[in-house]
Amino acid sequence: MAIEIEHGHVRAKEQLVPIACKVAAVSEETSDVKAFRIQTLDGKKPFEALPGQTAMLSVIPYGECMFCVSSQGEDYVEFTVKKVGYVTERMHFLSVGDSVGLRGPYGNWFPYEDMKGKDILFIGGGIGLAPLRSLLTYVLDHREDYGRVDLVYSGSTKDDLIFLNDIENVWPTYPNTHMHVSVYKGTEGWDGEVCYTAPFLESLGIEPEGRIAVLCGGPSLFRTCLHSLLEKVGFPPGDIITTLEMKMKCGIGKCGRCNIGSKYICLDGPVFSMAELEDMPWGAH
Amino acid sequence: MLLAKDRLPQLLDHLAAQARVYVPARVGEDTRFALYSSGLEPDFEMVNTSLPPKDLLFPQAQSMYRYGFDDNGTPFIDPVHDSDNTVLFGVRPCDVQSIACMDDVFLTMGYEDEFYAPKREKLLIVALVCNNVAESCFCDSMGLDPNSAPYADIQLRQGSEGFEIVAQTEKGQAALSDWKSFLSDGTATRDNVSCTLKVDMTGIKDKLDEMYEHPIWDRISKKCLTCGTCTYVCPTCHCFDISQENRMKLGERFRSWDSCMFSNYTEMAGHHNPRAGKQPRVRQRFLHKLCFFEDRYGKTLCVGCGRCVEKCPVALDITVLIDQIGAADVAEGAEVLEGAAHGN
């Protein structure tokens, strides 16, 4: 049965005006990646996000950015933020109790229902694991509904790998769940694979039958792994799912900039299958 | 019903007592829709104002909310909603159609824009069909008719006897019953006009569907300065930026017109930019007008008002582009892709 991805759904309570929230916890993943748990001022969960959905998080006086909800709990949603620009740099100064603005959840979600009964191959690079994490933890929380889980994850060096504690100590304790981690540059204290993601992926001998590949990473990882999946491993385009990024301002399909062809990534995406992307003029992206 | 010409100032005064009334007028050296007050002379002879009326619904800068901390140190975020009863009087068929396009963007596809919707709700559109056309007008090539503005609440047709008035919506009917004392029975005699600038849109959308990769975009984008003038004078360009202004204890986040012609429009943190060069930006603008918007909303996003044709400093003329697309060989695009596959 083909995987069906939902598009163009409206689930956010807030359109453009955020609600005031506070930082409930901060954890340092790497030297330039921090995870922030956000809750309302009265300590509640701001909203329920489906795996893969996004939200606009703002450091109120400086600006707002769109992030995938990387995980969530009873009374918080969590965002994993890499320090790469003006707003994210200021985000990294936030500490527990600081106020932030939050609006969402926006966009569609990974087809976690249709994926039931399938094996799942997660492929991520660097901060690209953050959006995958929401689906990965959902699958692990409903472990009996899904088949074998493989995570192929790479970073520039060991120090750039996020969620390393989960990868080493938590996720492999689930049944039939396998972690494959490589770095591009070996450093002291790393005795694992030193390999780019695409050849590493090809070396694992993963078969496409009965399996869905879920891919998220920067442009070069995306292109090379996509080529591996389609041409070397032999996945059909409909069984490869990805989550896209574009610059976003509104989050509700109106401000114009995140389009690929006639689709807006914020509203119609961010989750698409490769079969869908093949019908869109995405080549330049 | 007929509005005699000498009753027009009285009607406008009557309307101005209950709403903000905008009429086409000369303001300094420029022309635009100006706020009417008694004594202002509307100019119904000019064809198109140099600036479109879109800012009535979609202001150039619109405050969305104010934020800060109260005396107890608790953060607050207070939305700013402002809307007044507004009458857009004497607007041309092309600009009326542009409002239909903006309605699609701001009121459909799930989210009804909370800043646009109340302004739209309180707007009465009174169209004046064209008795003359400008050299740059080409609305009738874009599926419109200069003699008719079907999306308006009220339509005026100007003849020597005065303005023939027809209500076309419930809102328009309600307004006409209020205007009754200014109206008399009768019709206006006028001759239909048609645009002198013509383009052939036949098959253009279908060709563009196959022309995302095509050498035409390199050719036409060469002279573009990416100044953004086309997007600012365009009645249908609706893209916006969100930014903020901070003072000591109070800040304000607002949205403002943006332009797909600017490189930072799509530039992400880390400097990845899917439309870094002007070729993809020029392509985006024209494909959005002639292709993508139709895929999404079933309309062309160009209403043929001709403002960009007049104002572009390098004469990158959309009507010339349409002609060039009509003459282009779609197969040349395959050669571009082929070349890319071989690393050329």
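Residues numbered from 1 in each chain as written. Chains lettered and ligands numbered in written order. Predicted model: local features only at pLDDT ≥ 70, side-chain atom pairs only at ≥ 80, totals over all residues. Heavy atoms only, no water.

**Q** I keep staring at the overall build of chain A and nothing clicks. Help me out?
**A** Looking only at helices and strands, one finds six helices and 16 strands in chain A. C-alpha extents for chain A along the principal axes are approximately 50 × 45 × 35 Å. For chain A, the residues scored as buried account for 60% of the 285 residues in total. Look at the contacts in chain A between residues 6 or more apart in sequence, and 70% of them connect residues 24 or more apart. A total accessible area of about 10800 Å² is found for chain A, and carbon and sulfur atoms account for 47% of it. (Helix = DSSP H or I, 4+ residues; strand = E, 2+ residues; numbered from the N terminus. Buried < 20%, exposed > 50% of the residue type's maximum accessible area, 1.4 Å probe, protein only. Contact = heavy atoms within 4.5 Å. Areas by Shrake-Rupley, 256 points an atom, 1.4 Å probe, with all protein chains shown as cover.)

**Q** How do you make sense of the overall build of chain B when you look at a structure like this?
**A** When helices and strands are counted, chain B shows eleven helices and twelve strands. For chain B, whose C-alpha radius of gyration is 22 Å, the value lies close to the compact-globule estimate of 20 Å for 344 residues. Taking the principal axes of its C-alpha atoms as reference, chain B extends roughly 75 × 65 × 40 Å. Counting over 344 residues, chain B shows a buried share of 55%. Here the analysis covers contacts within chain B between residues at least 6 apart in sequence; of these, 72% occur between residues at least 24 apart. As presented, chain B carries roughly 15100 Å² of accessible surface, and 49% of it is formed by carbon and sulfur atoms. Averaging the locations of the 35 positively and 50 negatively charged side chains of chain B gives two centres separated by 3 Å. (Rg over C-alpha atoms; globule rule 2.2 N^0.38 Å. Lys, Arg positive; Asp, Glu negative; His and termini not counted. Charge placed at Lys NZ, Arg CZ, Asp CG, Glu CD.)

**Q** What's the story with the interface of chain B and chain A in this structure? I'm lost.
**A** Note on interface size: it is often stated as the accessible area lost on association of the parts. Counting from both sides, the interface comprises 47 residues of chain B and, opposite them, 45 residues of chain A. Interface area for chain B against chain A, summed over the two sides, is near 3700 Å², with a carbon-plus-sulfur share of 58%. It is Ile77, Tyr111 and Arg296 of chain B that lose the most area in chain B upon contact with chain A, and together they represent 21% of the buried surface on that side. Connecting chain B to chain A are three salt bridges. (Buried area = accessible area lost by both parts, 1.4 Å probe. Salt bridge = Lys/Arg side-chain N within 4 Å of Asp/Glu carboxyl O.)

**Q** For this particular structure, what's the right way to read the pattern of salt bridges?
**A** Taken as a whole and assessed by the stated rule, the structure comprises 27 salt bridges over all chains. For arginine 37 of chain A, the salt bridge goes to glutamate 78 of chain A, with nearest N and O atoms at 2.8 Å. One end of the pair, arginine 37 of chain A, is in strand 2 (residues 33-40); the other, glutamate 78 of chain A, is in strand 6 (residues 76-82), and 41 residues separate them in sequence. The exposure class assigned to glutamate 78 of chain A is buried, which follows from its relative accessible area of 6%. A salt bridge links aspartate 241 of chain B to lysine 249 of chain A; the nearest nitrogen and oxygen atoms lie 2.9 Å apart. Of this pair, aspartate 241 of chain B sits in strand 11 (residues 240-246) while lysine 249 of chain A is found in the loop between strand 13 (240-243) and strand 14 (259-260), placing the two residues in two different chains. Connected via shared salt-bridge partners are Arg148, Asp150 and Arg211 of chain A.

**Q** So what exactly am I meant to see when it comes to the packing of aromatic side chains here?
**A** The geometry of two aromatic rings is summed up by the distance between their centres and the angle between their planes. By the definition in use, this model includes 18 aromatic pairs over all chains. Note on phenylalanine 58 of chain B and phenylalanine 106 of chain B: the rings are 5.3 Å apart at their centroids and 45 degrees apart in plane angle, and the pair reads as tilted. Taken together, the residues phenylalanine 58 of chain B in the loop between strand 3 (30-35) and strand 4 (61-69) and phenylalanine 106 of chain B in helix 2 (residues 93-107) connect sequence positions 48 residues apart. Look at phenylalanine 106 of chain B and you get buried, because its relative accessible area is 0%. For the pair tyrosine 232 of chain B and tryptophan 257 of chain B, a centre-to-centre distance of 6.0 Å together with 45 degrees between the ring planes defines the contact as tilted. Highlighted residues: tyrosine 232 of chain B in helix 7 (residues 229-233) and tryptophan 257 of chain B in strand 12 (residues 250-257), separated in sequence by 25 residues. Sitting above the plane of the tyrosine 86 of chain A ring, arginine 90 of chain A keeps its charged end 4.1 Å from the centroid. A cation over a ring is seen here: arginine 283 of chain B above tyrosine 212 of chain B, with NZ or CZ 3.8 Å from the ring centre. (Phe/Tyr/Trp six-rings, centres within 6.5 Å; stacked < 30°, edge-to-face > 60°. Lys NZ or Arg CZ within 6 Å of the ring centre and 35° of its normal.)

**Q** I tried to follow the pairing of strand 3 (residues 54-59) of chain A on my own but got confused; where do I start?
**A** For a regular strand, side chains alternate in direction, first toward one face of the sheet and then toward the other. All names here are of chain A. For strand 3, a buried count of six out of six residues is recorded, marking the element as mostly surrounded by other parts of the structure. Sheet topology places strand 3 next to strand 4 (residues 63-68); six bridges connect them, and they run antiparallel. Within the sheet, the bridge partner assigned to leucine 57 lies in strand 4 and is cysteine 65. In textbook terms, the turn of a hairpin is the stretch between consecutive antiparallel strands, and for strand 3 and strand 4 this stretch comprises three residues. Where strand 3 lies against strand 7 (residues 99-106), four bridges are found, and the strand directions are antiparallel. Bridge pairing links leucine 57 to leucine 102 in strand 7. (Pairing = 2+ DSSP bridges.)

**Q** Hey, could you run me through the nonpolar core in this one?
**A** Most often, soluble globular proteins keep nonpolar side chains buried together rather than apart. Ranked by size, the top nonpolar core spans 73 residues in total, and within it Leu121, Ile123, Leu215, Leu229 and Ile265 of chain A together with Leu88 of chain B carry the most contacts. A domain-level breakdown of this core finds at least three residues from each of domain 1 (3-106) and domain 2 (119-243) of chain A. When near neighbours in sequence (up to four residues on either side) are disregarded, leucine 215 of chain A contacts Ile123, Leu132, Leu221, Phe222, Cys225, Leu226, Leu229, Ile241, Thr242 and Thr243 of chain A. Counting residues in hydrophobic clusters, the runner-up holds 36 residues, among them Ile3, Leu129, Tyr146 and Val149 of chain A. (Core = buried A, V, L, I, M, F, W, Y, C linked by side-chain atoms within 4.5 Å. Domains from an automatic or database assignment.)

**Q** What am I meant to see in the state of the cysteines here?
**A** Each disulfide is one covalent bond, formed between the sulfur atoms of two cysteines. Per the counting criterion, the structure on display carries zero disulfides over all chains. Take cysteine 258 of chain A: it sits in no disulfide, and the sulfur closest to it among the cysteines is that of cysteine 266 of chain A, at 3.7 Å. (Disulfide = S-S within 2.5 Å.)

**Q** Mind showing me how you'd approach the side chain of serine 256 of chain B here?
**A** Turning to its location among the elements, serine 256 of chain B is positioned in strand 12. Look past the residues within four positions of serine 256 of chain B in its chain and what remains in contact with it is Gln60, Ala61, Cys239, Phe240 and Asp241 of chain B.

**Q** Would you explain the sheet that holds strand 9 (residues 162-167) of chain B in this entry?
**A** Note on sheets: strands pair through backbone hydrogen bonds, and any given pair is parallel or antiparallel. Residues and elements named next belong to chain B. Strand order in the open sheet made by the eight strands is 3-2-6-7-8-9-1-10, with mixed pairing throughout. Strands at the two margins of the open sheet, each flanked by one partner only, are strand 3 and strand 10 (183-184). When strand 2 (residues 20-27) meets strand 3, the two strands line up antiparallel, connected through six bridges. Within strand 3, the position partnered with proline 24 by the bridge is phenylalanine 33. Packed onto the sheet, helix 2 meets strand 3, strand 6 (86-91) and strand 7 (123-128) and runs at close to 150 degrees relative to strand 7. (Axes fitted to C-alpha atoms, helices over the stretch in contact; angles between N-to-C directions.)

**Q** Looking at this model, I keep getting lost on the environment of serine 184 of chain B. Mind explaining?
**A** All names here are of chain B. Position of serine 184 relative to the elements: it lies in strand 10. Through-space distance from the C-alpha of serine 184 to that of alanine 4 is 7.7 Å; in sequence the pair is 180 residues apart. With near-sequence residues (within four places) excluded, serine 184 lies in contact with Met1 and Leu2.

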